[in-house]
Each structure stands twice: as structure tokens, then as C-alpha cells.
Amino acid sequence: QVQLVESGGGLVQPGGSLRLSCATSGFTFSMFAMTWYRQAPGKERELVARITINDYTDYLYSVEGRFTISRDNAKNTVYLQMNNLAPEDTAVYYCNAEPPSYRPDLSALWGQGTQVTVSS
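Structure report, in brief.

1. Overview of the side chain of R38
Moving on, step 1. Along the chain, the position of R38 falls in strand β4 (residues 33–39).
Moving on, step 2. Accessibility expressed as a relative area gives 5% for R38, which makes it buried.
Moving on, step 3. One polar contact links R38 to E46, side chain to side chain, over a distance of 2.9 Å.
Moving on, step 4. Within polar-contact distance, the side chain of R38 engages the side chain of D89 at 3.0 Å.

2. What about the state of the cysteines?
Moving on, step 1. For the structure shown, the criterion picks out 1 disulfide.
Moving on, step 2. Disulfide partner of C22: C95, at an S-S distance of 2.2 Å. Measuring the twist about the S-S bond at about -85°, one finds the C22-C95 disulfide to be left-handed. Taken together, the residues C22 in strand β3 (residues 18–25) and C95 in strand β9 (residues 91–98) connect sequence positions 73 residues apart. Side by side, C22 and C95 carry an identical accessibility label, which is buried.

Thresholds applied
- Residues numbered from 1 in each chain as written.
- Predicted model: local features only at pLDDT ≥ 70, side-chain atom pairs only at ≥ 80, totals over all residues.
- Heavy atoms only, no water.
- Helix = DSSP H or I, 4+ residues; strand = E, 2+ residues; numbered from the N terminus.
- Buried < 20%, exposed > 50% of the residue type's maximum accessible area, 1.4 Å probe, protein only.
- Polar contact = N/O pair within 3.5 Å; in protein donor to acceptor, adjacent residues only side chain to side chain.
- Disulfide = S-S within 2.5 Å.

Without other data, these values stay purely geometric and don't point to any function.
Rendered as C-alpha cells:
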């Protein structure tokens, strides 16, 4: 059974920090690039951060320098450390597992989403 279980969201004041976790099971974690997306009400879902199987990373420009994505293959878990949060970061954050290109038969895997609210 494939599972992606997110945790760590919540309410935080501007300037504060949160660490999101996505614990996975049921697939070969080490062979999947992992991503975090977010979606605010009325807006399109956007890519926040991506980490490849070789630990290369990419970030949305507005979060670069504030957010850090990492992965622990021994724990089948991907993290998103979020520092200096701003109200504009308020959104539902989703964990995503990206299949390797040589497996076009596989669909991307999604977590349930976790709410992050930045407000004073």
C-alpha cells in the first residue's frame, strides 16, 4: 500500500519557522525525485522545492534562501525546513513523489496536504 503522510503544518507568526515532514511507504523511495508543492485558495498549485535522487535541489525563487528541502533515504522521508515565514507562504503544502522517466507506466504520488498558516 502506497502512503505519503505529511506532518508539521500549523499556525505560525511571521518570521517564524516550521519543519514539514513526509513519511512514505509502499514504493522504492530512493528511485523517486521528491517535491513539495503548495496551493493557496483561488490560486494555481506551484512547485516549492524539488530534490532529485542524487540530492540536487531546486526552489521557487520567492522561497530560495528561506526554505530547505532534504531527504533521508534510510527513513523514506522528505523534509521541508521553512524559515522566516511570511503571510504569502500561507497555503496547503503537498508532498509529491516523481517516478523515474523510465517508468512511464507509474503515476505521480501525492500526499494529503498539510495546512500552513502564517499570521499574527
